[in-house]
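Report on the structure
Residue-level listing of the chains:
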Amino acid sequence: MLSILSYDFMIRAFAAGIAVGILAPSIGLFLVARRYSFMADTLAHVSLAGVAAGYLIGIDPILTAICASLLSAGSVEWLRRSGSAPSEALLSVLLYGGLAIAAVLLSLSHGTNVSLSAVLFGSIATVTKKDLAVVIILGICVLSTLIILYKEFFAMTLDEELSATGGIPSRALNVLLVMLAAVTVAVTMRIIGALLVGALMVIPALAAMQLRLSFLRTLLVSIAFSVLCVILGLIVSFYIGTASGGTIVLFALGLFLLCVIARRR
Amino acid sequence: MPIDDHAIVLRNVTYRYDASPALEDVSCTIPQGAYIGVVGPNGAGKSTLIRLILGLIAPSSGSISVMGTLPQQARKAGRIGYVPQRISQSDFHFPATVEEVVLSGRTALRGLGRFFTREDRQQSIQAMQAAGILKLQHRQIGTLSGGERQRVFIARALAGNPQLLILDEPETGVDAASSREFFALLKTLHAKGITILIVSHDLSVMAKEAKTVLCLNRRLIGHCTPHELGNPDLLARLYGTDVFFLQHSH
């Protein structure tokens, strides 16, 4: 363990990983409880288009990913309210649209193959000081909003119609929650990878839900699970040279299975 | 009777979705402390009436007052508790305890971005006591029966200390024993002075439980006693066809 921490890049990796480990399930639980798990994947694929646009026009890909993700979050809500199609179908349309745009933009930009691999599968070992600062600042913003509006988000997640009837601005809160998810995805993607970002948002939350706790405890346990998986995944990927994102998600899957088994007993 | 003694006053209320009226020229006065049922066929405007009383939609013409004020103000002040249709029958994998669900009934009252206080927790404990579910407070909502869950959502509605409780088809999908317990609970709440407005498709339940009944089929067909619900002429006007009313014990 000490030898890992003798590398600066691994210290940054652990710091960013733990920040993301706290952030991802904090938003993820609200999405899972609302049966909106697919949202994380959709946002990730649209963020990928943002990253590609960033590479193409020479802007920090995290910024373009956040912009693309926020734009798609707004589109999802607008389309959902318009009732043009079922929510899950709209999410699929955006997901494939995002992927198609990403493929086209990446084919137009040259010499980005290495970066593309990092974007798809995560490259926690290449986290720069700037990346770490972005993750921590945006993470604090997202978590602060969640803490301040926790009771409203809870009521809206329990039942949107009922909370609106009670005078809670559900519509605005729903848009805000999806926007927070968009920022979380864009930030987390740098660490976990676009293809697996949804997994860290959804699987620890699902694992914690198997324990039949209160909502608040489920949230805290899912954060603990997620941080544990990030730490274990980083250590293992460091020593055996596997992709950090995939290794972290495999630990999360293992934990989920353990929780399912524990519940059945 | 001064207007503040009325729970709900509707004056010539019409509501139109596009061109077709869902409710037409409905006028009635419901005193505070009433236990009133609303019956009518599908598409009679029962849900529209609830949405109007809750202030979620505004009448196309006419006026509504709830507890002497505008419906929206009454709702935001927590004077109306609402239990929507089928809420207790939802497929609940939601990871929350009874306590959390009931406490969430005070969210709007506490205000945006403000944390719950000890008073909020005490009010939600009282609401759980009133609904007879205090012993279930630490149970996860998904582990409860439909009848128990129904009580949880009534407790949630009661957590805001409402003067008017509105229930939309609450007996749907609940077994007979739970339904009996549920109506016993409503009687207790009514005895405490809460005005109860319950929408139902079950005439026999309304005849047995409510003190007065609104018969609605876009227009107000009648505002009668439960006994008068057996009148064949009234039923024919209400349902637009001959209806025979067989009372059964729930």
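Below, the structure is looked at part by part.

Parameters and conventions
Each chain has its residues counted from 1, following the order in which its sequence is written. Numbering of ligands from 1 and lettering of chains from A proceed in the order in which they are written. Residues qualify for local features only when their pLDDT is at least 70, as the model is predicted, and side-chain atom pairs are given and counted only at 80 or more; totals for whole chains, interfaces and linings, by contrast, use all residues. To get the side-chain values, take all heavy atoms of the structure and skip hydrogens and water. Pairing between strands is defined by DSSP: at least two bridges between the two strands are required. By definition, any uninterrupted DSSP run of H or I lasting at least four residues is a helix, any uninterrupted run of E lasting at least two residues is a strand, and each is numbered from the N terminus. Every angle, taken between N-to-C directions, lies between 0 and 180 degrees, and every axis is a line fitted to C-alpha atoms, over only the stretch in contact when it is a helix. Residue contacts are defined here by distance: any two heavy atoms, one from each residue, within 4.5 Å place the two residues in contact. Between the rings of Phe, Tyr and Trp (Trp by its six-membered ring), a pair exists once the centres lie within 6.5 Å; its type follows the angle of the planes, with under 30 degrees stacked, over 60 edge-to-face, and the other angles tilted. Here the term buried applies to any residue with accessible area under 20% of the maximum for its type, exposed to any over 50%, and partly exposed to those in between, with areas from a 1.4 Å probe on protein chains only. A ring is scored as having a charge over it whenever the NZ atom of a lysine or the CZ atom of an arginine sits within 6 Å of its centre and within 35 degrees of its normal. Throughout this description, a polar contact denotes any pair of N or O atoms lying within 3.5 Å of each other; where both atoms belong to protein, one of them has to be capable of donating a hydrogen while the other can accept it, and for residues adjacent in sequence the pair is counted only when both atoms sit in side chains. When describing relative orientation, an angle under 35 degrees is termed roughly parallel and one over 145 degrees roughly antiparallel, while 65 to 115 degrees is termed roughly perpendicular and anything else oblique. By convention the crossing between two helices is left-handed if the near helix lies anticlockwise of the far one by an angle smaller than a right angle, and right-handed if it lies clockwise. Under the scheme applied here, ten amino acids are nonpolar (Ala, Val, Leu, Ile, Met, Phe, Trp, Tyr, Cys and Pro), four are charged (Asp, Glu, Lys and Arg), and all others, including Gly, are polar.

Sheet strands pair via backbone hydrogen bonds, and the direction of the pair is either parallel or antiparallel. Residue and element names in this part refer to chain B. Overall, mixed pairing links the six strands, which are arranged S5-S6-S7-S3-S8-S9 in an open sheet. Looking along the sheet, the strands with just one partner apiece sit at the ends: strand S5 (80–83) and strand S9 (219–224). Within the sheet, the average angular offset between the axes of one strand and its neighbour, ignoring direction, is 15°. Two strands pair when backbone bridges link them, and strand S8 (residues 212–217) and S9 are joined in this way by five bridges, in the antiparallel orientation.

The next subject is the sheet that holds strand S2 (residues 20–31) of chain B. Residues and elements named next belong to chain B. The three strands lie next to each other as S2-S1-S4, forming an open sheet whose pairing is antiparallel. Edge positions in the open sheet fall to S2 and strand S4 (61–66), since each of these has one partner strand only. Direction aside, neighbouring strands of the sheet carry axes that sit 20° apart on average. Each of strand S1 (6–17), S2 and S4 touches helix H1 (residues 46–54); the most contacted strand, S1, lies at about 120° to it.

A word on the packing of aromatic side chains. One pass over the structure, following the stated rule, counts 12 aromatic pairs over all chains. A centroid spacing of 5.5 Å and a plane angle of 50° characterise the contact between tyrosine 7 of chain A and phenylalanine 9 of chain A, whose relative ring orientation is tilted. Judged by relative accessible area, which is 39%, tyrosine 7 of chain A ranks as partly exposed. Residue classification places phenylalanine 9 of chain A among the partly exposed positions, given a relative accessible area of 28%. One aromatic cluster is present, built from ring pairs that chain together Phe30, Tyr150, Phe153, Phe154 and Phe215 of chain A together with Phe94 of chain B. One residue, arginine 34 of chain A, lies across the ring of tyrosine 36 of chain A, its end atom 5.4 Å from the ring centre. In this arrangement the basic side chain of lysine 151 of chain A is found over the ring face of phenylalanine 116 of chain B, its NZ or CZ atom lying 5.9 Å from the centre.

What follows deals with the pairing of S2 of chain B. Bridging between S1 of chain B and S2 of chain B involves eight bridges; their strand directions are antiparallel. Paired with tyrosine 15 of chain B across the bridge in S2 of chain B is leucine 23 of chain B.

Another aspect to go through is the environment of phenylalanine 256 of chain A. Residues and elements named next belong to chain A. Of note, phenylalanine 256 is situated in helix H13 (residues 244–264). For phenylalanine 256, a relative accessible area of 22% gives the class partly exposed. On a C-alpha basis, the gap between phenylalanine 256 and serine 69 in space is 28 Å, while along the polypeptide they are 187 residues apart.

Another point: the side chain of threonine 69 of chain B. All names here are of chain B. In this structure, threonine 69 sits in the loop between S4 and helix H2 (71–76). Only 2.5 Å separates the side chain of threonine 69 from the side chain of glutamine 73, close enough to count as a polar contact. Those residues within four positions of threonine 69 in sequence are excluded, and the remaining contacts are Ile64, Ala74 and Arg79.

A few words on the packing of helix H3 (residues 38–57) of chain A against helix H10 (residues 170–192) of chain A. All names here are of chain A. Taken N-terminus to C-terminus, the directions of H3 and H10 make an angle of 60°; their axes are 9 Å apart at the nearest point. Accordingly, the angle class assigned to the pair H3 and H10 is oblique. Helix-helix and strand crossings are classified by hand; for H3 and H10 the assignment is right-handed. Mapping the contact onto sequence places Met39, Ala40, Leu43, Ala44, Ser47, Leu48 and Val51 in H3 and Val178, Ala181, Ala182, Val185, Ala186 and Met189 in H10. Here the contact of H3 with H10 is composed, by residue class, of 12 nonpolar, one polar and no charged.

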